[in-house]
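Now for the letters of each chain:
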Amino acid sequence: QVQLVESGGGLVQAGGSLRLSCAASGLTFSIYSMGWFRQAPGKEREFVAAISRGGGYTSVADSVKGRFTISRDNAKNTVYLQMNSLKPEDTAIYYCASRKDTGVLLTTYKDYNSWGRGTQVTVSS
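Computed from a predicted model, the values in this text were never measured in an experiment. (Residues numbered from 1 in each chain as written. Predicted model: local features only at pLDDT ≥ 70, side-chain atom pairs only at ≥ 80, totals over all residues. Heavy atoms only, no water.)

(A) Highlighting the packing of aromatic side chains. This model, assessed by the stated rule, comprises 5 aromatic pairs. Ring geometry for Phe 37 versus Tyr 112: centroids 5.3 Å apart, planes at 75°, classification edge-to-face. Of the two residues, Phe 37 is situated in strand S4 (residues 32–39) and Tyr 112 in the loop between strand S9 (92–100) and strand S10 (114–115); the sequence distance between them amounts to 75 residues. Comparing Phe 37 with Tyr 112, the two get one shared label, buried. Between Tyr 112 and Trp 115 the ring centres are 6.4 Å apart and the planes differ by 65°, which places this aromatic pair in the edge-to-face class. You can call Trp 115 partly exposed: its relative accessible area is 26%. Grouping aromatic residues by their ring pairs yields a cluster made of Phe 37, Phe 47, Tyr 95, Tyr 112 and Trp 115. (Phe/Tyr/Trp six-rings, centres within 6.5 Å; stacked < 30°, edge-to-face > 60°. Helix = DSSP H or I, 4+ residues; strand = E, 2+ residues; numbered from the N terminus. Buried < 20%, exposed > 50% of the residue type's maximum accessible area, 1.4 Å probe, protein only.)

Structural data, given as structure tokens:
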């Protein structure tokens, strides 16, 4: 079955950077769109970024635009989220998700089929 494993989270000061990774297995990675979502305590899971199966198309939430970049390496079955200029409000559990590419980048968590367990990102002020 599909397995997604996130890594790279941690504690960082405001203004710092982190790079999250999500290693995928149990799927033909190159035909799947991938997404990153996050969930802070007491809040709903929200979209962060998505990338098409070939990496040619990306979508990023307005709240992180210009600071976060999504990318993928299909040879390594891995998707990345580079996070720069981190803010305390970026503190959340970050989840990786997958679904078969439909030709349209999807930004709603209900549209994704498989999920990782998440990695905690904490940004101190």
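(B) Just the environment of Tyr 80, in detail. Tracing the backbone shows Tyr 80 in strand S8 (residues 78–83). The class for Tyr 80 is buried, based on a relative accessible area of 12%. Sequence separation between Tyr 80 and Glu 6 is 74 residues; the distance between their C-alpha atoms is 9.3 Å. Ignoring any residue separated from it by four or fewer positions in sequence, one finds Tyr 80 in contact with Arg 19, Leu 20, Ser 21, Trp 36, Thr 69, Ile 70, Ser 71, Arg 72 and Asp 73. (Contact = heavy atoms within 4.5 Å.)

(C) Spotlight on the pattern of salt bridges. One pass over the structure, following the stated rule, counts 4 salt bridges. Its salt-bridge partner being Arg 38, residue Glu 46 comes within 2.6 Å of it at the nearest N-O pair. Note on Arg 38: relative accessible area 6%, which makes it buried. Here Arg 38 ties to Asp 90 by a salt bridge, and the two come within 2.9 Å at their closest N and O atoms. Of this pair, Arg 38 sits in strand S4 while Asp 90 sits in the loop between S8 and S9; the two residues are 52 residues apart in sequence, bridging distant segments of the chain. A relative accessible area of 1% places Asp 90 in the buried class. One continuous salt-bridge network, built from bridges that share partners, spans Arg 38, Glu 46, Arg 67 and Asp 90. (Salt bridge = Lys/Arg side-chain N within 4 Å of Asp/Glu carboxyl O.)

(D) Representation of the nonpolar core within the structure. Ranked by size, the top nonpolar core spans 35 residues in total, and within it Met 34, Trp 36, Val 79, Leu 81, Met 83 and Tyr 94 carry the most contacts. Of all the elements in the fold, those that place two or more residues in this core are strand S3 (18–25), S4, strand S5 (46–51), strand S7 (68–73), S8, S9 and strand S11 (119–124). Take this core: its biggest share by element is 5 residues, from S5. Those residues in contact with Met 83 that sit more than four places away from it in its chain are Gly 16, Ser 17, Leu 18, Leu 20, Arg 67, Phe 68, Tyr 94 and Val 121. (Core = buried A, V, L, I, M, F, W, Y, C linked by side-chain atoms within 4.5 Å.)

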